[in-house]
Amino acid sequence: MNTPENSGLGKSAAYTDHYDASLLYPMSRLPKREELGLHGKLPFFGADLWTAFELSWLNRRGKPQVAIAHLTVPCETPNIVESKSMKLYLGSFTNTAFGSAEEVRETIRRDVSDAVWRGAPVAGTVGVKLLLPDLFDREPVEELDGLSLDRLDIDCTQYTPQPDLLVAAAGEPPVTETLVSNLLKSNCLVTGQPDWGSVQLRYSGAQINQEGLLKYLVSFRNHNEFHEQCVERIFMDVWQRCKPVKLAVYARYTRRGGIDINPYRTSHPGPMPGNARTARQ
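An account of the accompanying structure is given in this report. (Residues numbered from 1 in each chain as written. Predicted model: local features only at pLDDT ≥ 70, side-chain atom pairs only at ≥ 80, totals over all residues. Heavy atoms only, no water.)

### Some remarks on the overall build of the protein
As a reminder of what qualifies: Helix and strand definitions here come from DSSP, where helices need a minimum of 4 consecutive H or I residues and strands a minimum of 2 consecutive E residues; each element is numbered from the N-terminal end. Every radius of gyration here is taken over C-alpha atoms, with the globule rule written as 2.2 Å times N^0.38, N being the number of residues. The cut-offs for exposure are 20% and 50% of the maximum accessible area for each residue type, with area from a 1.4 Å probe on protein chains only; residues under the lower value are buried, those over the upper are exposed, and the others partly exposed. We call two residues in contact when some of their heavy atoms are within 4.5 Å. Surface accessibility in these figures is a Shrake-Rupley result with a 1.4 Å probe; residues are shielded only by whichever protein chains are displayed.
Along its length, the protein carries five helices and 10 strands. Taken over C-alpha atoms, the radius of gyration comes to 19 Å for the protein, in line with the 19 Å a tight globule of 281 residues would show. Across its three principal directions, the C-alpha atoms of the protein cover 70 × 40 × 35 Å. Out of the 281 residues belonging to the protein, those deemed buried represent 48%. Pairs at least 24 apart in sequence give 75% of the contacts found in the protein among residues at least 6 apart. Surface accessibility of the protein: about 13,200 Å² in total, with carbon and sulfur atoms responsible for 52%.

### Regarding unusual backbone geometry
Not every positive phi belongs to a glycine, and Lys243 is a case in point at roughly 50°. One can find Lys243 in the loop between helix H5 (227–242) and strand E9 (246–253).

### Examining the pattern of salt bridges
Quick note on the threshold: What makes a salt bridge here is a side-chain nitrogen of Lys or Arg within 4 Å of a carboxyl oxygen of Asp or Glu, nothing more.
The final tally for this structure, using the stated rule, is 17 salt bridges. Put simply, Arg233 and Glu35 hold a salt bridge, and the shortest N to O gap is 3.1 Å. Highlighted residues: Arg233 in helix H5 and Glu35 in helix H1 (residues 30–35), separated in sequence by 198 residues. One salt bridge connects Arg105 with Glu106, and the closest N-O pair in it is separated by 3.7 Å. Residue Glu106 is classed as partly exposed on the basis of its relative accessible area of 29%. Through salt bridges with shared partners, one network takes in Arg29, Arg33, Asp48, Glu232 and Arg265.

### Some words on the environment of Trp117
Tracing the backbone through its elements, the reader meets Trp117 in the loop between helix H3 (101–116) and strand E5 (127–131). For the pair Trp117 and His70, spaced 47 residues apart in sequence, the C-alpha to C-alpha distance is 18 Å. Residues within four places of Trp117 in sequence aside, it is in contact with Pro74, Glu76, Thr77, Pro78, Asn79, Val122, Ala123, Gly124, Thr125 and Val126.

### Things to note about the side chain of Ser198
For clarity, the cut-off: Polar contacts, as used here, are pairs of N or O atoms within 3.5 Å; protein pairs need one atom able to donate a hydrogen and one able to accept it. Residues neighboring in sequence count only if both atoms are side-chain atoms.
In this fold, Ser198 is placed in strand E8 (residues 194–205). Ser198 sits in the buried class, given a relative accessible area of 3%. A polar contact of 2.6 Å, which involves the side chain of Ser198, links it to the side chain of Asn182. Not counting chain neighbours up to four residues away, the residues in contact with Ser198 comprise Leu144, Ser181, Asn182, Tyr250, Ala251, Arg252 and Arg280.

### Some points on the layout of surface pockets
To keep things clear, this is the line we draw: Points on a 1 Å grid, built from protein atoms alone, make a cavity when a 1.4 Å probe fits but cannot get out and make a pocket when they are open with protein on both sides within 12 Å along at least 5 of 7 lines; residues with an atom within 4 Å of a point are the lining residues. Grid points are joined across faces, edges and corners, and a volume is the space filled by probe spheres set on the points. Each residue gets one of three labels, nonpolar for Ala, Val, Leu, Ile, Met, Phe, Trp, Tyr, Cys and Pro, charged for Asp, Glu, Lys and Arg, and polar for the others, Gly among them.
Size it by volume and the largest pocket reaches roughly 440 Å³. In terms of lining, the largest pocket is formed by 28 residues, of which the most central are Gln200, Arg202, Ala248, Tyr264 and Pro273. The element contributing the most residues to the lining of the largest pocket is E9, with six residues. The residue inventory of the lining of the largest pocket, partitioned by class, reads 12 nonpolar, nine polar and seven charged. For the lining of the second largest pocket, the per-class residue count stands at six nonpolar, four polar and four charged.

### Considering the pairing of strand E2 (residues 45–58)
As a reminder of what qualifies: We treat two strands as partners when DSSP finds at least two bridges between them.
E2 sits mainly inside the fold: 10 of its 14 residues count as buried. Bridge analysis of E2 against strand E10 (residues 259–266) gives eight bridges, and the strand direction is antiparallel. The residue of E10 that forms the bridge with Ala52 is Ile259. Bridge count for E2 against strand E3 (residues 64–74) is 10 bridges, and the pairing is antiparallel. Each bridged residue has a counterpart across the sheet, and for Leu55 the counterpart in E3 is Ala67.

Function cannot be read off these values alone, since they describe shape.
In structure tokens:
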């Protein structure tokens, strides 16, 4: 099993500019899910929405081409792809000639699908969309909608995850709310480098104490986990502590190495959120 410690994170790497699918480094989701008590059927649906801003290749006449890539990786995949390996993999397209943007898209879809579904009894696929330069001006910039928790004037003293801060008003009439915060910060599991994000929680059920929720989100500040793992931890803590009828957690993290990763987890299947970047991204 590939482990974070054996990945290329935090290590010098030779940059390859000719296509090499072997650069992708899949890592199992299972160990971190087992920490959360997740075994068998998952209590959530969703996906990890990746945006890659540094994608370029050559056409058959040697002229450089550029695009923005949007990838949708289902949360049911047994693996994630370590982000530095994705950067190196996409970088390997730089001096490789392809016949069309569609050939590039299909190559990325095939390779990433193979990596994230590796080891699954039945392999699935990932979604890949390439945005070419004539559509760049259609890339939206939107903030997460909802009531801002950051308006609350609170004291914060805990900077590792504290699920006991989560409290819901049991016995009170249920509510439906959308709450957001721009104060999410965690650290890379391997390098300890900061990961900055915004998070949105949509839920129906007993009203969640907003001060406690904001303090809980702030408590990730010194926590070391990958983006996907942090969002699943937030989902499970709120799900188990506050017991909402419905819950969705969506985080948008600032980019690193030309890539941003934006996990979405929901208790009920439905349409995915639009992959629109925030101003900080």
